[in-house]
Amino acid sequence: MAGFWPFYWSRLHEVPWELHLHGITASLWVLLLLIQTRSIHVGQRKLHRLAGRLSVLLLPFLSAGLVASLHGTARFYREGDVFYQTVGPMFGISLAITLPAFLFLYGQALRHRSHVAQHAGYMLATALLLFQAPFSRVLVGLVPPFQIMGPESFGNLIDAVAVSTLLAAAIAAALWLRNRNDARPFGQAALILCVQALLVKFLSGSLLVDGALTLFASIPLSASLVAAFGAGALVAWASWRSGSRSATGARRSPPQAWHTLL
């Protein structure tokens, strides 16, 4: 809430619907994660399973929300919006990495849902992919080196996103180092986030990203949304089936209280 207040909540009437779709679906995802984490540790297994099934249904909409935000970024960039001319490439890189990474981590969570530690780790790792968005806005709003005072300092947001992504990577790496046997999901998330931070910092503004954004903006939004929704639905369906087949006879890992580490 604090991070997005000046950029989103205080300007709801000005924000395009693509960002609303992304904001709503991402917020619902975090809410479901909180419900799942809390419910399993207080023995409310039915609520935990319900939240898990709802996350399967939510994934296609979350995928569509990420692509809608990416498409809006590309459109504003192509139209020459002053803000997006500076930070659009950064948003494009970040979103383009977040979507496949999210599908991978969640798919693994479903495949390993019969192994408590692996399942919990992959689910919580998805939250780390979303961490940079609000935290970078907190940096921009409260920390002087990152604050935006006008068009000449729009680039500070790029640095804030890179730092926030590296912080999320550090959190993931710390969780992985505490228990390498069961915390593999966090090791994978740390690697993804490090790559994302480096690309955000050093590839923003390149001709490659410029061309990719311009090309993506030319694709009809409806086609992009259908493709993203379909990809999310396919990953959810295939991963759920894979997890169901592997559940029989699977060795269950001892529960890990990941929620106490985050």
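Before any of the text, the structure's been laid out above.
Residues numbered from 1 in each chain as written. Predicted model: local features only at pLDDT ≥ 70, side-chain atom pairs only at ≥ 80, totals over all residues. Heavy atoms only, no water.

Right, let's get into the side chain of threonine 98. Among the secondary structure elements, threonine 98 is positioned in helix 3 (residues 82-111). Given the relative accessible area of 5%, threonine 98 is considered buried. In terms of polar contacts, threonine 98 uses its side chain to reach the side chain of glutamine 196, at 3.1 Å. The residues touching threonine 98, leaving out its near neighbours within four places in the chain, are Leu66, Leu129 and Gln196. (Helix = DSSP H or I, 4+ residues; strand = E, 2+ residues; numbered from the N terminus. Buried < 20%, exposed > 50% of the residue type's maximum accessible area, 1.4 Å probe, protein only. Polar contact = N/O pair within 3.5 Å; in protein donor to acceptor, adjacent residues only side chain to side chain. Contact = heavy atoms within 4.5 Å.)

By size, the foremost hydrophobic cluster in this structure holds 63 residues, and its most contacted members are Trp29 and Met90. Looking at this core, the elements that each hand over two or more residues are helix 1 (17-41), helix 2 (45-78), helix 3, helix 4 (116-142), helix 5 (156-178), helix 6 (184-203), helix 7 (207-218) and helix 8 (221-247). Among the elements that line this core, the one with the most residues is helix 3, at 15 residues. Beyond its immediate stretch of four places on either side in the chain, methionine 90 contacts Leu157, Ile158, Val161, Val200 and Ser204. (Core = buried A, V, L, I, M, F, W, Y, C linked by side-chain atoms within 4.5 Å.)

Relative to the 44 Å expected for 30 residues at 1.5 Å per residue, helix 3 spans 44 Å between its end C-alpha atoms, a close match to the ideal helical length. The largest bend in helix 3 comes to about 50 degrees, at glycine 88, with the proline proline 89 one to four residues further on. Capping the start of helix 3, aspartate 81 holds a side-chain oxygen 3.0 Å from the backbone nitrogen of phenylalanine 83, two or three residues further along. (Expected span 1.5 Å × (residues − 1). Bend = angle between axes of the 7 residues up to and from the residue.)

Another aspect to go through is the environment of leucine 110. One can find leucine 110 in helix 3. Here leucine 110 falls in the buried class, since its relative accessible area comes to 3%. In this structure, the C-alpha to C-alpha distance between leucine 110 and valine 235, residues 125 residues apart in sequence, is 9.5 Å.

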